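Coordinate inspection notes
Residues per chain are reported as follows:
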Amino acid sequence: MTKTFRIGSRESVLAVAQAQLLIDHIRENCPEITPELVTMKTTGDRILDRTLDTVGGKGLFVKELEQALFDGRIDACVHSLKDVPMNVAGELPILGYSGREDARDVLVLPKGVTVWERTKPVGTSSVRRTMQLHKLYPDIETRPVRGNVLTRLQKLDNGEYGALILAAAGLRRLHLEERITRCFEPEELLPAAGQGILAVQGRAGEDYQFLEGFFDEDSRVAAEAERAFVRELDGGCSSPITAYARVHGEQLILRGFCDTYDGSFAYESASGSRHQAEQTGIGLARYMRDGL
């Protein structure tokens, strides 16, 4: 007799595709478990007329799922890690992290367009992206854009924007790689902390050992360093504060970004042992905070 394992997800096409990765793993590797998808609309999905930083940040995308997990209506949930607040309740821990998809931000043009029309606004609701884009392209105008990936692409194709900045990971997981016009390397545009990584959240004290094969140690190391950096600088999911980690064997290389008191921003890098990921993140954050 198999045991049903209920996996919570936002109801967007991308969120379901991401949860499906965990479902597929369970079906292929855990014959004694029957995964069941449970979708729900979150507060972040409902509020589309305001930017996230004005209504509480990206944590609005996870709170209904966390409540369902706390109430026992689901057994685990899958989040884009970049949507997860930097402080997670101890009774609802992150169980582990998926392998990292392409973490870069990308430029997307309207369907059929090959030349970027820079007189039209670039769609992005991220302060982090906006600040860095204006350094690369001082002449462009940015304008907020909300909605899921498909909704944003529709607005772009309808002529509301000249381009969008999106996460490569989401487009790739939706098999929309052909929409990518240009990838921005992290040295040009540092992605959101945790971008490209999925977090699986569960309840403390329960046995989730059967999920271990889904989790990736390099992603865990990167996630711990990046999130420690942002947390130390009191940055939330919508703050112009981020970090990106590369893991090379035993070495971790972390690059941080934050705004400064004079309205500009700065980058700094640090390296350390993969076994001291959190300490490396905290150390780089303190170095930048004390030096700015």
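Residues numbered from 1 in each chain as written. Predicted model: local features only at pLDDT ≥ 70, side-chain atom pairs only at ≥ 80, totals over all residues. Heavy atoms only, no water.

Focus: the overall build of the protein
- Scanning the protein from terminus to terminus reveals eight helices and 13 strands.
- Taking 19 Å as the expected radius of gyration for a compact globule of 292 residues, we find that the protein reaches 19 Å, a close match to that expectation.
- Principal-axis analysis of the C-alpha atoms places the extent of the protein at approximately 65 × 45 × 35 Å.
- Across the 292 residues that make up the protein, the buried fraction comes to 53%.
- Contacts spanning at least 24 positions in sequence make up 69% of the contacts within the protein whose residues lie at least 6 apart.
- Total accessible area computed for the protein in this model is approximately 13200 Å², and 48% of it derives from carbon and sulfur atoms.
- Mean positive and mean negative side-chain charge positions of the protein (36 and 43 charges, respectively) differ by 4 Å. (Helix = DSSP H or I, 4+ residues; strand = E, 2+ residues; numbered from the N terminus. Rg over C-alpha atoms; globule rule 2.2 N^0.38 Å. Buried < 20%, exposed > 50% of the residue type's maximum accessible area, 1.4 Å probe, protein only. Contact = heavy atoms within 4.5 Å. Areas by Shrake-Rupley, 256 points an atom, 1.4 Å probe, with all protein chains shown as cover. Lys, Arg positive; Asp, Glu negative; His and termini not counted. Charge placed at Lys NZ, Arg CZ, Asp CG, Glu CD.)

So, the pattern of salt bridges
- Under the definition given, this model contains 21 salt bridges.
- Between Arg129 and Asp105 there is a salt bridge, with the nearest N and O atoms lying 2.7 Å from each other. Highlighted residues: Arg129 in helix α4 (residues 127–136) and Asp105 in strand β5 (residues 105–108), separated in sequence by 24 residues. Exposure class is identical for Arg129 and Asp105. Each is buried.
- With a shortest N-O distance of 3.6 Å, Arg143 and Glu141 are connected by a salt bridge.
- The class of Arg143 is partly exposed, set by a relative accessible area of 37%. (Salt bridge = Lys/Arg side-chain N within 4 Å of Asp/Glu carboxyl O.)

Focus: the packing of aromatic side chains
- In total, this model carries seven aromatic pairs according to the counting rule given.
- Look at Phe257 and Tyr267: their rings are 5.3 Å apart centre to centre, the planes differ by 50°, and that puts the pair in the tilted class. On the criterion of sequence distance, the pair formed by Phe257 in strand β12 (residues 251–259) and Tyr267 in strand β13 (residues 265–273) is long-range, its members being ten residues apart.
- Accessibility expressed as a relative area gives 0% for Phe257, which makes it buried.
- Note on Phe265 and Tyr267: the rings are 5.7 Å apart at their centroids and 90° apart in plane angle, and the pair reads as edge-to-face.
- Through pairs of rings, three or more aromatic residues link up here, namely Phe5, Tyr208 and Phe210. (Phe/Tyr/Trp six-rings, centres within 6.5 Å; stacked < 30°, edge-to-face > 60°.)

Some details on helix α5 (residues 149–157)
- When α5 is considered as a whole, its buried residues turn out to be Val149, Arg152, Leu153 and Leu156. Looking straight down α5, one finds that the buried residues subtend no more than 100° of arc, so they occupy a single side.
- Residues of α5 that are buried sit in contact with α1 (13–29), β5, β8 (163–167) and α6 (168–173).
- A distance of 3.1 Å separates the backbone nitrogen of Leu150 from a side-chain oxygen at the start of α5, and that oxygen is part of Asn148.
- Gly159 occupies a position one or two residues after α5 and carries a positive phi of about 95°. (Arc of directions from axis to C-beta. Polar contact = N/O pair within 3.5 Å; in protein donor to acceptor, adjacent residues only side chain to side chain.)

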